[in-house]
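Topology and contacts: notes
Next come the chains, spelled out residue by residue.
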Amino acid sequence: MKIFIINGPNLDMLGLREPEIYGADTMESINREIAEYCKGVGVEPEFYQSNSEGGLIDIIHSARGNADGIVINAGAYTHYSIAIRDAIAAVELPCVEVHLSNVHKREEFRHKSMLSAVCTGVICGFGKKVYRLAIDALSL
Ligand code: DQA
């Protein structure tokens, strides 16, 4: 089973960016841990990151026919990108929306997600574990 792990804007800054909210791990080290975990559960992960909306849309489109599922942390685009929502709907793949932080405990503008309604499910608030939980949700 192949799963695309897609990260959006500013997530390439993990480790440096507001570590009290997002943790001290870099995206590189989180991805290494995910890859290690995937080996044990028979999942083939492919990792992508883009800071731009169009870049994320192109990655989501490329999942169609190439992946069995998607795990996406769309960062701030989550809260206002109808285009990313439409891309997820278009590819007709199981998709899990994840957030490292519990967005519902934070500013009100983070409570709304454009993506949740077209995703299979949502996992947030468990730090880097959200990626592993989402992989389990898609593969078990
Ligand atoms: C985030 C939450 C978003 O509100 C924020 O804009 C991010 C990261 C998270 O992983 O907690 O960039 O998606």
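See the structure above.
Here we summarise the structure given alongside this text. Quick caveat: nothing in here was measured; it's all calculated off a predicted structure.

It is worth spelling out unusual backbone geometry at this point. Positive phi is not limited to glycine here, since Glu18 has a value of about 35 degrees. Counting through the fold element by element, Glu18 comes out in the loop between strand S1 (2-7) and helix H1 (19-22). Overall, Glu18 belongs to the partly exposed group, its relative accessible area being 35%. At Glu92, a residue that is not glycine, the phi angle is positive and equals roughly 50 degrees. With respect to the helices and strands, the residue Glu92 is situated in the loop between helix H4 (82-91) and strand S4 (95-99). On the basis of relative accessible area, Glu92 is assigned to the exposed category, the value being 63%.

What counts as what
Sequence order as written defines the numbering, with residues in each chain counted from 1. Side-chain atom pairs in this predicted model are given and counted only at pLDDT of 80 or more, local residue features only at pLDDT of at least 70, and totals for whole chains, interfaces and linings cover all residues. Values shown for side chains rest on all heavy atoms present in the structure; no hydrogens or waters enter the calculation. Helix and strand definitions here come from DSSP, where helices need a minimum of 4 consecutive H or I residues and strands a minimum of 2 consecutive E residues; each element is numbered from the N-terminal end. Three labels apply to residues, based on accessible area from a 1.4 Å probe with only protein chains included: buried if under 20% of the type maximum, exposed if over 50%, partly exposed otherwise in between.

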